[in-house]
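A closer look at the structure
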Amino acid sequence: MTSFQSEKMQKTTFPLFILLLYRLTVPVYAHGQPESGGLSAAEKNKLESLMHAMTLGEKIGQLSLFTQGFEMTGPAGTFNLRQLIREGKAGGVFNAVGVDSIRAIQRIAVEESRLKIPLLFGLDVIHGYRTIYPIPLAQACTWDLPLIEQIERAAASEASAAGLNWTFAPMVDLARDPRWGRVAEGSGEDTWLGCRIAEARVKGFQGSGLRLANTLMACVKHYAAYGAAQAGRDYHTVDLSPVSLYEWYLPPYRAAVDAGAGSVMSSFNEINGVPATGNRWLLTDVLRKEWGFEGFVVSDWTSVNEMMNHGVAADTAGVARLAISAGLDMDMMSGAYMGSLERLVLDHAVSVPVIDSAVRRVLEAKFRLGLFDDPYRRCDPSREKTEILSKEKRALARQSAAESCVLLKNEGNILPVPSTVRRIAVIGPLGNSGADMMGCWSGQGRAEECVTLLDGIRTRTGNGTEVTFTRGCSVKGTGRSGFDSAVAAAMAADFVVMALGESEDMSGEAASRASLGLPGLQEELAERIVQTGKPVVVVLFNGRPLVLTRLASVVPALLEAWQGGTEAGNGIADVLFGEVNPSGKLTMCFPRSEGQVPVFYNAKPTGRPMDPAHPDEKYVSRYLDEANDPLFPFGFGLSYTTFSYSEMTASVTGNRITVQVRVANTGARDGEEAVQLYVRDRIATITRPVKELRGFQKVFLKKGESERITFTLTSDDLAFYHPDLRKYCEPGEFVLFAGGSSAEGLSVEVKTE
Ligand code: GLC
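Every value quoted in this text rests on a predicted model; they were computed, and no experiment measured them.

Quick word on the sheet that holds strand 8 (residues 263-266)
Strand order across the open sheet formed by three strands is 7-8-11, with parallel pairing between neighbours. Unpaired on one side and paired on the other, strand 7 (219-223) and strand 11 (296-298) mark the two borders of the sheet. Averaged over all pairs of adjacent strands, the angle between their axes in this sheet comes to 30°, without regard to strand direction.

See below:
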């Protein structure tokens, strides 16, 4: 390509012989499914012989997924899971854990069933298996892709040591609405960053190849646009324009598919009137035909049956037909496939080839996982002993808990805690709670194995410092009876560390909140403690952005610690006492009030943008009673040092824009800074956001050091979806921004041809 012509023109100028050469020299990737993950000729033969041997009931069995732990009751009566497996009528089991129990269940399938087809064993390994890492939203705030990949690699190594071969992760749903509790599971409000993190997670889970015992097959979810639930209410309606879907919501799923994810999970929600689980456009036209996905699609928990609630089918036969015809391969927990598909085939309402396509995809995944080579490959008790909760994993958990902390306020550099402090009061309902350190989807994590904030501070300060703990109030309650003892504890101390936020059950699935402030009387408690005049810092434990406007106005320091996992207390203590200089940056903004929601940095300018220089101008896009900008913006995070930006330049050469900016550590401590690059397309066929993240580099600078950072942008970085859903860039004027947040930094303009 010679310049920034629209890709439409470029597409017509690509000589055919180059295309053929490309095909011959580049590893043959079937859209993200590298050939090495494919099946050998012998395996393909075995698969076909199985297809030939299976009864229709056994085929449908491969398309049914049940949870371990209770006997299944469904529309066709009461199922005995073990008997189902014995009859070859289950393709996978989830929520079974541990080598012994998984080996015992797998034995039924591979030794007692007729065709001895091994089972998939899945679990929600969302941010760790037994060693729990920070919630995914917290990990995203590290802006450290290698670390995120390392975390998933460690999680996969641990979970596979317990017999598992499949995780229902990564969750990559774009989330712009903090009322939705599942923002905790994702990467926040930015599509581009969400794509990079999705890739890192899939690579971490699937490692060097799914035939290796220390890997898990990824399952990218929840496809699609589950995070756009109306009003932030879980499971609610999703209604988006095609351009919004393609521009903002679909790319992270595609990124995960292109990274080689072996499976996809359909979401509970409808999209523009059609439930995802029965949406042929979504599951077949986009996922398979446009993206070339070759893995299989599993429903979410009973989402097949729930299409009756959606009102698109009257009975289980109707939903089963809708789902299988749309391209939904495996039915999680509905029993609709088990109960209705055979009859539908006999009535010629569903064809055998449709069933066969789904079964092949499930069997291919099992071959790719090496399950036909050795169904017990991940059932090695010696690995279970060495991998689970190893000291290396605890060290990684501690590092990630520290790195995911975001310093939101530090007035007067009250942090790090001065080394002269000898009496510390830890006050607040989350100061000594192991369970709340893990947040939602905590897998096999155990509260008693978690390091609380109190534990972490006591371990770090040692015997020379008195560290007391007072709850002061509960997380959600309205009782003030603990206030006085909390005030007394503060008065008796030289320094106060408050531990406030949400309990672990207040985010994650089915945990939407209409009000986003600190629950209960926690803010009132904080004000009482601040009134003592003692130095007070607040450490926040929460699974979503909160409305902290009142709290931030009264406390001098705010450290967002999210739910940091098994080693949360140690990681946070490393930050509080300056062992680690905080470098986290928000990947989801914190609104000033619920009334602003949804508020996100990459919004459109509107025809009447508000000019911050003229805040009183009336006829512009604004509120009478609230600012437009959030309290803490996307990309924001302070450090114990300071960074400055200078010498920003940009130049266009052919189809590349080279951007340079100097960043200097102007403070008294070494530190890391996530240097962010944003782009604005000034004039285009359709309206474009005021800015969009298109690059970042996390740089470590010693105090006094500076570095010239270089970014390169290509036409792909500037391309966007047009109303005809073609994606290409348009030449013209662009503004480029570089800085330590979406809300501040330097800018330069460039013009492309
Ligand atoms: C749940 C969740 C999904 C999870 C699945 C299996 O309802 O929506 O994220 O993977 O069921 O536990």
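A short note on the packing of helix 9 (residues 191-206) against helix 11 (residues 251-258)
At their nearest, the axes of helix 9 and helix 11 sit 8 Å apart, and the two run at 25° to each other. The angle between the axes of helix 9 and helix 11 places the two elements in the roughly parallel class. Relative to helix 11, helix 9 is oriented so that their crossing is right-handed. Across from Thr191, Gly194, Cys195, Ala198, Glu199 and Val202 in helix 9, the residues of helix 11 making contact are Pro251, Pro252, Ala255 and Ala256. The residue makeup of the contact of helix 9 with helix 11, split by class, is seven nonpolar, two polar and one charged.

Looking at the confidence of the model for the chain
In the predicted model, the chain carries a mean pLDDT of 94, and the fraction of residues at 70 or more is 94%. The low-confidence segment residues 6-36 (pLDDT under 50) makes 36 contacts with residues lying over four places distant or belonging to another chain. In this model residues 70-77 is a low-confidence stretch, pLDDT under 50, and it forms 19 contacts with partners more than four residues away in sequence or in other chains.

Concerning the sheet that holds strand 18 (residues 557-560)
An order of 13-18-17-16-14-15 is seen for the six strands of this open sheet, with the pairing classed as mixed. With one partner strand each, in any of the chains shown, strand 13 (406-410) and strand 15 (466-470) form the two edges of the open sheet. When the angles between neighbouring strand axes are averaged without regard to direction, this sheet yields 15°. Two strands pair when backbone bridges link them, and strand 13 and strand 18 are joined in this way by four bridges, in the antiparallel orientation. Within strand 18, the residue paired with Lys409 across the bridge is Leu558. Helix 20 (residues 453-461) contacts strand 14 (423-427), strand 15, strand 16 (495-501) and strand 17 (536-541) of the sheet and is inclined by roughly 175° relative to strand 15. Most of the contacts of helix 22 (residues 522-530) go to strand 16, to which it runs at about 170°, and overall it touches strand 14, strand 16 and strand 17.

Digging into the site of the ligand
What surrounds the ligand is a group of 13 residues, the closest being Asp124, Arg182, Lys221, His222 and Asp300. Asp300 has a polar side-chain atom sitting 2.6 Å from an oxygen atom of the ligand. Note that an oxygen atom of the ligand is positioned 3.0 Å from one of the side-chain N or O atoms of Glu509. Computed on the free molecule, the ligand has an accessible area of 310 Å², of which 95% lies beneath the protein chains in the complex.

Re empty space enclosed by the protein
What the rule picks out here adds up to four cavities of 30 Å³ or more. Roughly 90 Å³ of volume is contained in the largest cavity. Quantified by volume, the second largest cavity comes out at close to 70 Å³. Around the second largest cavity, the lining is made up of 13 residues, and of these Val172, Asp173, Ser187, Gly194 and Pro252 lie nearest the centre. A total of four residues in the lining of the second largest cavity trace back to one element, the largest contributor, which is helix 9. Here the lining of the second largest cavity is built from residues that sort into six nonpolar, four polar and three charged.

Thoughts on the domain arrangement of the chain
Segmentation of the chain into domains returns domain 1 (389-576) and domain 2 (643-751). Computed over C-alpha atoms, the centres of domain 1 and domain 2 are 35 Å apart.

Let's talk about the nonpolar core
Of all hydrophobic cores here, the largest spans 117 residues; its most connected members are Trp166, Tyr223, Leu250 and Tyr337. No other element matches helix 16 (residues 352-368), which puts seven residues into this core. With residues near it in sequence (within four places) discarded, Tyr337 still touches Ile60, Leu63, Ser64, Val304, Ala320, Ala323, Ile324, Leu328, Asp329, Met330 and Asp331. In terms of nonpolar packing, the next biggest core, distinct from the first, is built from 47 residues, Ile135, Ala489, Val496 and Leu546 among them.

Quick look at the environment of Asp681
Topologically, Asp681 is positioned in strand 21 (residues 671-681). Residue classification places Asp681 among the buried residues on the basis of a relative accessible area of 5%. When the C-alpha positions of Asp681 and Cys729 are compared, they lie 9.5 Å apart, and in sequence the two are 48 residues distant. The residues contacting Asp681, other than those within four sequence positions of it, are Arg688, Phe720, Glu733 and Phe734.

With respect to helix 11
Within helix 11, six of the eight residues are buried, leaving the element largely enclosed by the surrounding structure. What helix 11 keeps buried is the set Pro251, Pro252, Tyr253, Ala255, Ala256 and Val257. Buried-residue contacts for helix 11 involve helix 9, strand 7, helix 10 (242-249), strand 8 and helix 12 (280-290).

Re the pattern of salt bridges
Considering all chains together, one arrives at 50 salt bridges under this definition. Here Arg288 and Asp329 are joined by a salt bridge, their closest N and O atoms 2.9 Å apart. One end of the pair, Arg288, is in helix 12; the other, Asp329, is in the loop between helix 14 (316-326) and strand 12 (331-332), with 41 residues separating them in the sequence. Where Glu673 meets Lys585, a salt bridge forms, and the shortest distance between an N and an O atom there is 3.0 Å. Placement of the pair is Glu673 in strand 21 and Lys585 in the loop between helix 24 (568-576) and strand 19 (643-653), with a sequence separation of 88 residues. Given a relative accessible area of 5%, Glu673 falls into the buried group. Overall, the relative accessible area of 3% leaves Lys585 in the buried class.

Some thoughts on the packing of aromatic side chains
Within the structure shown, the criterion is met by 20 aromatic pairs. Aromatic pair Phe94 and Phe168: ring centres 5.6 Å apart, planes at 80°, arrangement edge-to-face. Of the two residues, Phe94 is situated in strand 4 (residues 92-94) and Phe168 in the loop between strand 6 (166-167) and helix 9; the sequence distance between them amounts to 74 residues. With relative accessibility at 0%, the residue Phe168 sits in the buried group. Here the aromatic rings of Phe367 and Phe372 are separated by 4.0 Å at their centres, their planes lie at 20°, and the arrangement is stacked. Of the two residues, Phe367 and Phe372, neither departs from the other in class, the shared state being buried. Members of the aromatic cluster, connected to one another through ring pairs, are Trp143, Trp192, Tyr601, Phe634, Tyr678 and Phe696. If you follow Arg176 out to its NZ or CZ, it ends over the ring of Trp248, 4.8 Å from the centre.

A closer look at unusual backbone geometry
Residue His222 is reached from Lys221 by a cis peptide bond, and omega for that bond is -5°. By secondary structure assignment, the location of His222 is in strand 7. A cis geometry characterises the amide bond from Tyr223 onward to Ala224, with omega recorded as 10°. Positionally, Ala224 belongs in the loop between strand 7 and helix 10. The residue Tyr235 is not glycine, and still its phi comes out positive at about 70°. Assignment of secondary structure puts Tyr235 in the loop between strand 7 and helix 10. Residue Tyr235 is classed as partly exposed on the basis of its relative accessible area of 36%. Phi at Ala510 is positive, roughly 55°, even though this residue is not glycine. Examined against the element boundaries, Ala510 turns out to sit in the loop between strand 16 and helix 22.

Parameters at a glance
Residues numbered from 1 in each chain as written. Predicted model: local features only at pLDDT ≥ 70, side-chain atom pairs only at ≥ 80, totals over all residues. Heavy atoms only, no water. Pairing = 2+ DSSP bridges. Helix = DSSP H or I, 4+ residues; strand = E, 2+ residues; numbered from the N terminus. Axes fitted to C-alpha atoms, helices over the stretch in contact; angles between N-to-C directions. Parallel < 35°, antiparallel > 145°, perpendicular 65-115°, else oblique. Left-handed = near helix turned anticlockwise from the far one by under 90°. Contact = heavy atoms within 4.5 Å. Nonpolar A, V, L, I, M, F, W, Y, C, P; charged D, E, K, R; others polar. pLDDT = per-residue confidence, 0-100. Near = heavy atom within 4 Å. Polar contact = N/O pair within 3.5 Å; in protein donor to acceptor, adjacent residues only side chain to side chain. Areas by Shrake-Rupley, 256 points an atom, 1.4 Å probe, with all protein chains shown as cover. 1 Å grid on protein atoms, 1.4 Å probe; cavity = no way out; pocket = protein on both sides within 12 Å on 5 of 7 lines; lining within 4 Å. Points joined across faces, edges and corners; volume = space filled by probe spheres on them. Domains from an automatic or database assignment. Core = buried A, V, L, I, M, F, W, Y, C linked by side-chain atoms within 4.5 Å. Buried < 20%, exposed > 50% of the residue type's maximum accessible area, 1.4 Å probe, protein only. Salt bridge = Lys/Arg side-chain N within 4 Å of Asp/Glu carboxyl O. Phe/Tyr/Trp six-rings, centres within 6.5 Å; stacked < 30°, edge-to-face > 60°. Lys NZ or Arg CZ within 6 Å of the ring centre and 35° of its normal.

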